[in-house]
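Secondary and tertiary structure notes
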Amino acid sequence: MIRLSKRLEKIACEVPKGSRLADIGSDHALLPSYLAQQGLIARGVAGEVNEGPYEAASRQVRAAGLKDKIAVRLGDGLEVLEPGEVDVITIAGMGGALIVSILEAGKAKLSGVSRLVLQPNVGEDAVRVWLLANGWELVGEQILEEDGKIYEILTADRPEDGADGSLGEPNEGQTAKLRRLYEPLVLADGLVVDKELLLRMGPYLIREGAQAWIAKWRLELDKLEHICAQLERSDTEAARAREREFRIEMKRIEEVLSACTRKDKPSFN
Ligand code: SAM
């Protein structure tokens, strides 16, 4: 039986039962193989751009006896898909900028896709920005720590637009709903978390304030402090200005963290 890491398990849980799934950048095709073996997907596509992982995915699918359920395809991003072929796409284990470029380049292949499950290793904000700009509703965020690394998983659905439940551009009401998620969040002590910070730190994750999320942002503050220490050594005006920007950013993050870790944790609006 195929066993998944905690990270892939959480991603697997976001794939609705009976979906036609494409896992892009599938590497060993563990995720689609596991889901097919458990009878949780109707069928799957494992997409890979590199020969080595493509061979590994093909071997995995053959060894698991899943060749009739999972097609392993070599190609860049969503180009391995026919329009309307799948209804869920997972893209995990790469940077947010790469995930965005795959989605952007493959927009035509997203028609008929109702859910995206995305796990950027870094650059989560770029993914949130893309989802918002392209009418995808962020319906959930998860954060977990595994083997000393912290991962975020973003799940987004495309709102239905037709009376027949078809997918397409969000209507006015749906657009307003998408915007609401990023409306300024007022903490009980009056601290306002603006859209930029919500996109950066995660609108659901901020509200939840999980331990792994706090740990992630403490690490981020350490990294920013390190950059500031380096900038301090430079005597150019540009370095001073950059440092000031970083210090402002750090202060905003610290304020949010302190509000989220207080014993009398504020209730959010
Ligand atoms: N998705 C698996 C996971 O989360 O465990 C594997 C992640 S692995 C670190 C990233 C994989 O994405 C690599 O196998 C790489 O070859 C593949 N990849 C990178 N860019 C890609 C692209 N544009 N299209 C398809 N696959 C890509």
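Worth saying up front: this structure is predicted, and the values here are computed from it rather than measured.

Another point: the site of the ligand. The immediate surroundings of the ligand are formed by 16 residues, with Arg-7, Gly-25, Glu-48, Asn-50 and Asp-76 found nearest. Between Val-49 and the ligand, the recorded distance is 3.4 Å, taken from a backbone N or O atom to a nitrogen atom. Separating an oxygen atom of the ligand from a side-chain N or O atom of Asn-50 is a distance of 2.8 Å. When the ligand sits alone it has 600 Å² of accessible area, and the protein chains cover 79% of it. Broken down by secondary-structure element, the contributors of at least two residues to the shell around the ligand are α1 (6-13), β4 (88-94) and α4 (96-105). Here the shell around the ligand gets three residues from one element, more than from any other, and that element is β4.

So, on to the domain arrangement of the protein. Domain parsing of the protein yields domain 1 (6-180) and domain 2 (185-260). Placing the centre of domain 1 and that of domain 2 at their C-alpha centroids yields a distance of 29 Å. Across the interface of domain 1 and domain 2, roughly 1,200 Å² is buried in total on both sides, 65% from carbon and sulfur atoms. Broken down residue by residue, the surface that domain 1 buries against domain 2 is led by Arg-128, Glu-141 and Ile-143, which jointly contribute 42%. Where domain 1 meets domain 2, there are two salt bridges. The set of elements that each furnish at least two residues to the side of domain 1 that touches domain 2 consists of α5 (124-133), β6 (137-146) and β7 (149-157). For the side of domain 1 that touches domain 2, the element with the most residues is β6, which contributes eight residues.

Cut-offs used in this document
Residues numbered from 1 in each chain as written. Predicted model: local features only at pLDDT ≥ 70, side-chain atom pairs only at ≥ 80, totals over all residues. Heavy atoms only, no water. Near = heavy atom within 4 Å. Polar contact = N/O pair within 3.5 Å; in protein donor to acceptor, adjacent residues only side chain to side chain. Areas by Shrake-Rupley, 256 points an atom, 1.4 Å probe, with all protein chains shown as cover. Helix = DSSP H or I, 4+ residues; strand = E, 2+ residues; numbered from the N terminus. Domains from an automatic or database assignment. Buried area = accessible area lost by both parts, 1.4 Å probe. Salt bridge = Lys/Arg side-chain N within 4 Å of Asp/Glu carboxyl O.

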